[in-house]
Amino acid sequence: SNMMLAVGSVMVGDPRLILLDEPTAGLAPRFVDEIVSWMSQITETGCSIVWVVEQNPEIVLEVASRAYVMAGGRITGEYRAVELTDTETLSRIMFDQ
């Protein structure tokens, strides 16, 4: 996919941080799984990833260490990702903002 090509070209420069904005938007489910798997492998190299906005937050929480919830341009919550893996908790936090 174009996303994988873009991230691959960035990785050539051995970055310490990658900022992704909706990296799974418009992707078929099998590509979403590939992106998530790839992101997990990248973080194991010591590179940090900031994943901004995701329509399916459950996907990101599988590999994230921290999660921040924003409303009105401000951070309204900071969590360990594992705290949000329960769908009910995640829904409450996201929709009560």
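Please refer to the structure placed before this passage.
Residues numbered from 1 in each chain as written. Predicted model: local features only at pLDDT ≥ 70, side-chain atom pairs only at ≥ 80, totals over all residues. Heavy atoms only, no water.

Participant: An account of the nonpolar core is requested, with residue identities and associated values reported.
Facilitator: Nonpolar side chains in soluble globular proteins tend to be buried together. Of all hydrophobic cores here, the largest spans 12 residues; its members are Val7, Ile18, Leu20, Val32, Ile35, Val36, Met39, Ile42, Cys47, Trp51, Ile59 and Val60. Among the elements that line this core, the one with the most residues is helix α2 (residues 29-43), at five residues. Excluding residues that lie within four positions of it along the chain, Met39 makes contacts with Val7, Leu20, Ile49 and Trp51. Core analysis: the next-biggest nonpolar cluster, separate from the first, contains eight residues, Val69, Leu84, Leu90 and Ile93 among them. (Core = buried A, V, L, I, M, F, W, Y, C linked by side-chain atoms within 4.5 Å. Buried < 20%, exposed > 50% of the residue type's maximum accessible area, 1.4 Å probe, protein only. Helix = DSSP H or I, 4+ residues; strand = E, 2+ residues; numbered from the N terminus. Contact = heavy atoms within 4.5 Å.)

Participant: Before we move on, could you go through the pattern of salt bridges and cite the residues and values that matter?
Facilitator: For the coordinates displayed, the defined rule picks out three salt bridges. Measuring nitrogen to oxygen at the nearest pair gives 3.7 Å for the salt bridge that ties Arg30 to Glu34. One end of the pair is Arg30 and the other is Glu34, both in helix α2 and four residues apart, which spans about a single turn. The class for Arg30 is exposed, based on a relative accessible area of 55%. Among the salt bridges present, the one from Arg66 reaches Glu78, with a minimum N-O distance of 3.0 Å. With Arg66 in strand β3 (residues 66-71) and Glu78 in strand β4 (residues 74-80), the pair connects residues that are 12 residues apart, well separated along the chain. Residue class for Arg66 comes out partly exposed when judged on its relative accessible area of 36%. (Salt bridge = Lys/Arg side-chain N within 4 Å of Asp/Glu carboxyl O.)

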